[in-house]
Amino acid sequence: MKEKKQKKTGRVMTTKINPKILAGIGGGVLLAVLILLAGVLIKRSSDKNVRIAFFALSQENVELIKAAIPVEDNINLEYTVLDENNLKTDSLHKKYDLLFTWKGQITDNIEENCVELPSSVFENVPQPLKSSKCVPLLFDSCELAYNKNVAVKNGGNLPVNLSEFTSYLEKSKKYVVSPLVLNGSDDKILLAFIGNLIEKTAGVDGYNDLIKSLREGADFNSVLERKLGKTDVSLKSTLNILSEWSEKGLIFKGWYNIQEADLTYFAQDKQTAAFFTFLSTHRTYPWKVMNEYESYLLPPKEGLKKTSVIAPELCAVRFSKNSNALRYLKLLTERQTQEKLSDESKLAPVHSRARAYDQQADDVRF
């Protein structure tokens, strides 16, 4: 009897999965996707509201920045102008996405609550100006406006050191009412002028020492007597220089009480050999007036090797990770926007290759 050969067939071994388990896995994946999607949608929804604050900026600069930020149908821009009465530095990060202000004590106080910025924001910013939490946008500067006519009468050359500057003022007494004028009743001008005088006598290190001691809240008498940098210059010795200039008639007596209107009179009537101001203030005078003056710097003390330009920085900080807020910061540092900001404000742009309003603004930047 013949044996029947068994027919061989190929089989694939499979294991049955409980439908309930399969449904559970599918449901878990779907839930995770939905949660992720919900998170993205919530983020996008919250990013639609961009809360922007301004502090210590002129109305012109506030409007300038507003105009540079595009109005978009799907974005709600909420603007707030802060003043000393409603500025609460410890809660700014809870209320706003961006803050525009002048760099200084305020930005130092809120730095710990600011969100770090990606390097892409600083692509067009010169290396020395880069910061992890603060974006520079425009520069103002301190300057001395020298009366060209008086300069010619004094020999034609502007002073290159502090001794020559003092001599220049002394010679100018016979030509003008007051050789040197500044509206010292304005705290900003007062502090800027004293700061410039210290920087030109004690150098950059001395100036930084003064700023540091003021920010530390040291006793005023100790600040007054403290030697600055590696020099014998102190705040007290600097104030003594100003007192001496006043006694000799080199600077208008009571200069610390002079109002801006008084400074305008001296400038327009050409009754001063030099007046101290900011570039931003200089821009408010008619061309016909400023054409009679040469903008330059307070010259340094003889032998001082390291000196610089004191240039207030209009900047922005970020308090949140709002994607649209970050996008606006990048836009404000782009070349085309920087050129427009410089043209409208007449201040110096930060972008290293942007065209500046004029040569003066270009000099400040570099």
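It should be noted that the structure appears before, not after, this text.
Conventions we followed
- Residues numbered from 1 in each chain as written.
- Predicted model: local features only at pLDDT ≥ 70, side-chain atom pairs only at ≥ 80, totals over all residues.
- Heavy atoms only, no water.
- Helix = DSSP H or I, 4+ residues; strand = E, 2+ residues; numbered from the N terminus.
- Buried < 20%, exposed > 50% of the residue type's maximum accessible area, 1.4 Å probe, protein only.
- Contact = heavy atoms within 4.5 Å.
- Areas by Shrake-Rupley, 256 points an atom, 1.4 Å probe, with all protein chains shown as cover.
- Axes fitted to C-alpha atoms, helices over the stretch in contact; angles between N-to-C directions.
- Parallel < 35°, antiparallel > 145°, perpendicular 65-115°, else oblique.
- Left-handed = near helix turned anticlockwise from the far one by under 90°.
- Nonpolar A, V, L, I, M, F, W, Y, C, P; charged D, E, K, R; others polar.
- Patch = residues over 30% accessible without salt bridge, like charges linked within 9 Å, V, L, I, M, F, W, Y side chains within 5 Å.
- Salt bridge = Lys/Arg side-chain N within 4 Å of Asp/Glu carboxyl O.
- Phe/Tyr/Trp six-rings, centres within 6.5 Å; stacked < 30°, edge-to-face > 60°.
- Lys NZ or Arg CZ within 6 Å of the ring centre and 35° of its normal.
- Pairing = 2+ DSSP bridges.

Novice: Kindly report on the overall build of the protein, identifying the contributing residues and their values.
Specialist: The helix and strand inventory of the protein stands at 15 helices and ten strands. Within the protein, the fraction of its 366 residues that count as buried is 43%. Long-range pairs, those at least 24 residues apart, make up 71% of the contacts in the protein with a sequence separation of at least 6. Accessible area for the protein stands at about 20,900 Å²; split by element, carbon and sulfur atoms hold 52% of it.

Novice: Go over the packing of helix 2 (residues 59-68) against helix 14 (residues 335-345), please, and point to the residues and values.
Specialist: With their axes 11 Å apart at the nearest point, helix 2 and helix 14 run at an angle of 155 degrees to one another. For the element pair helix 2 / helix 14, the angle class is roughly antiparallel. The handedness of the crossing between helix 2 and helix 14 comes out as right-handed. In contact with Asn61, Leu64 and Ala68 of helix 2, helix 14 contributes Thr337, Leu341, Glu344 and Ser345. Grouping the amino acids of the contact of helix 2 with helix 14 by side-chain chemistry returns three nonpolar, three polar and one charged.

Novice: Lay out a nonpolar patch on the surface with the relevant residues and their values.
Specialist: Where nonpolar side chains cluster on the molecular surface, the patch consists of Tyr296, Leu297 and Val309 and spans about 250 Å² of accessible area. Among the structural elements, Tyr296 can be located in strand 8 (residues 293-296). Accessibility expressed as a relative area gives 43% for Tyr296, which makes it partly exposed.

Novice: Tell me about the packing of aromatic side chains, and please be specific about residues and values.
Specialist: Here the structure, examined in full by the defined rule, presents 13 aromatic pairs. Between Trp255 and Tyr256, the ring centres sit 5.6 Å apart and the planes meet at 75 degrees, which makes this aromatic pair edge-to-face. Its relative accessible area of 7% is what places Trp255 among the buried residues. Ring geometry for Tyr265 and Phe266: centres 5.4 Å apart, planes at 65 degrees, overall edge-to-face. We classify Phe266 as buried; its relative accessible area is 6%. Here the aromatic residues Tyr146, Phe165, Tyr168, Trp245 and Tyr296 are joined through ring pairs into a cluster of three or more. Over the ring of Trp102 we find Lys188, and its NZ or CZ is 5.4 Å from the ring centre.

Novice: Can you lay out the sheet that holds strand 3 (residues 98-102) for me, pointing to particular residues and giving the numbers?
Specialist: The strand order across the open sheet built from six strands is 2-1-3-9-4-10, with neighbouring strands paired in mixed fashion. Because the sheet does not close on itself, it has two edges, and the strands there are strand 2 (76-82) and strand 10 (348-349). Bridge analysis of strand 4 (residues 135-139) against strand 10 gives two bridges, and the strand direction is antiparallel. Counterpart to Leu138 in the pairing with strand 10 is Pro349. Docked against the sheet, helix 2 engages strand 1 (49-55), strand 2, strand 3, strand 4 and strand 9 (313-318), running at close to 155 degrees with respect to strand 1. Packed on one face of the sheet, helix 13 (residues 323-332) meets strand 1, strand 2, strand 3, strand 4 and strand 9 and runs near 35 degrees to strand 3.

Novice: Residue-level account of the sheet that holds strand 5 (residues 142-147), with values.
Specialist: Spatially, four strands are ordered 6-7-5-8 in an open sheet, and the strand pairing comes out mixed. What marks the edges here is a single partner per strand, and that holds for strand 6 (178-181) and strand 8. Neighbour-to-neighbour, the strand axes of this sheet turn through a mean angle of 20 degrees, independent of strand direction. Across four bridges, the pairing between strand 5 and strand 8 is antiparallel. Considered in strand 8, the bridge of Leu144 is made with Tyr296. Helix 10 (residues 260-268) rests against strand 6, strand 7 (272-278) and strand 8 of the sheet, and its axis sits at about 135 degrees to strand 7.

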